[in-house]
Amino acid sequence: VLNDRRDDTVMGLLQKQFTDGKALETRLASLWTLHSSGYLADDQLPKAAADKEPTVRAWAARLIGEQQLGNAKDLALLRKLATDSEPTVRVAVATACRQLTSGSLTVNTKPQREPNAAAIAEILAALITATPTATDLLLNHLVWMAAEPLIARDPKFAFALLNKVRTAPLAGTLAHKTMRRVCDLQSPAQLDGALDFLGALPATDALLPFALNGLVD
């Protein structure tokens, strides 16, 4: 009802309720209504991203993904949230990145705007580095889903990203899936690029077995 009314007075009250509300559920409902009605003020997502409540910070990331603008301000917020100590916030950041690289969460479709590959690589590198173990299967999967459309376009995206996070626990899964994707592309040039990446790795590099297994699976 509030979405349809477009009442500036009510929306001002919702903005205040999001900022000053006591109950988390009330604040979230206000944030969602402001987003869906187009009344989300420019300063509200930065405030949400800095909120003491992890759920609010997570929704800041999710709404950036929902808007699919991919502008410098939104990307900077995602970069900040990518290092959040709460796994739920990092999951939301990975989901938002997927929404910026693909028009669909589950299959690759054209995104609303051309993704800023360099900025997304920085966000994913921060996510991977901030995750202390490889046991978070959901985050593992979502990082891959966010990166895969750009990797399918040019695997060099993954090789540059992997070189930034080679010692991080999540890097092994990304290396394995990247090599499988390169094989799926059936491009001699892309396979040569993958072999060049492997050839540059030290023989003792932790990524090497993951990448080799991806090639032979």
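For the structure, check the block above.
Treat the numbers as computed from the prediction; the structure is a model and nothing was measured.

What counts, and at which threshold
- Residues numbered from 1 in each chain as written.
- Predicted model: local features only at pLDDT ≥ 70, side-chain atom pairs only at ≥ 80, totals over all residues.
- Heavy atoms only, no water.
- 1 Å grid on protein atoms, 1.4 Å probe; cavity = no way out; pocket = protein on both sides within 12 Å on 5 of 7 lines; lining within 4 Å.
- Points joined across faces, edges and corners; volume = space filled by probe spheres on them.
- Helix = DSSP H or I, 4+ residues; strand = E, 2+ residues; numbered from the N terminus.
- Axes fitted to C-alpha atoms, helices over the stretch in contact; angles between N-to-C directions.
- Parallel < 35°, antiparallel > 145°, perpendicular 65-115°, else oblique.
- Left-handed = near helix turned anticlockwise from the far one by under 90°.
- Contact = heavy atoms within 4.5 Å.
- Nonpolar A, V, L, I, M, F, W, Y, C, P; charged D, E, K, R; others polar.
- Core = buried A, V, L, I, M, F, W, Y, C linked by side-chain atoms within 4.5 Å.
- Buried < 20%, exposed > 50% of the residue type's maximum accessible area, 1.4 Å probe, protein only.
- Expected span 1.5 Å × (residues − 1).
- Arc of directions from axis to C-beta.

Details of empty space enclosed by the protein
(1) Moving on: Scanning all chains against the criterion turns up one cavity of 30 Å³ or more.
(2) Moving on: Approximately 50 Å³ is the volume attributed to the largest cavity.
(3) Moving on: Surrounding the largest cavity, I128, L139, N140, V143, W144, L170, T173 and L174 form its lining.
(4) Moving on: Contributions of two or more residues to the lining of the largest cavity are made by α9 (137–153) and α11 (171–185).

Examining the packing of helix α8 (residues 117–130) against helix α10 (residues 156–164)
In helix packing, the relevant descriptors are the interaxial angle and the interaxial distance, both defined with respect to the helix axes.
(1) Moving on: Running from N to C, α8 and α10 cross one another at 40°; their axes reach a closest spacing of 10 Å. Considering their axes alone, α8 and α10 lie oblique with respect to each other. Note that α8 runs across α10; the crossing there is right-handed. For the pair formed by α8 and α10, the contact residues are A117, I120, A121, E122, L124, A125 and I128 on the first element and F157, L161 and K164 on the second.
(2) Moving on: Looking at side-chain class alone, the contact of α8 with α10 contains eight nonpolar, no polar and two charged residues.

Regarding the nonpolar core
(1) Moving on: Of all hydrophobic cores here, the largest spans 69 residues; its most connected members are L78, V93, L124, I128, F157 and F197.
(2) Moving on: Discounting chain neighbours no more than four positions away, the residues touching I128 are V143, L161, V165, A168, L170, A171 and L174.

Topic: helix α12 (residues 188–200)
(1) Moving on: With 13 residues, α12 ought to run about 18 Å at 1.5 Å a step, and its terminal C-alpha atoms sit 18 Å apart, in line with that.
(2) Moving on: Inspection of α12 places Q190, A194, F197 and L198 among the buried residues, and these make up the whole buried set. Down the axis of α12, the buried side of the element spans an arc of 100°, and every buried residue falls inside it. The exposed residues of α12 that point more than 90 degrees off its buried face are P188, A189, D196, G199 and A200.
(3) Moving on: Those residues of α12 hidden inside the fold are in contact with α9, α10, α11 and α13 (207–216).

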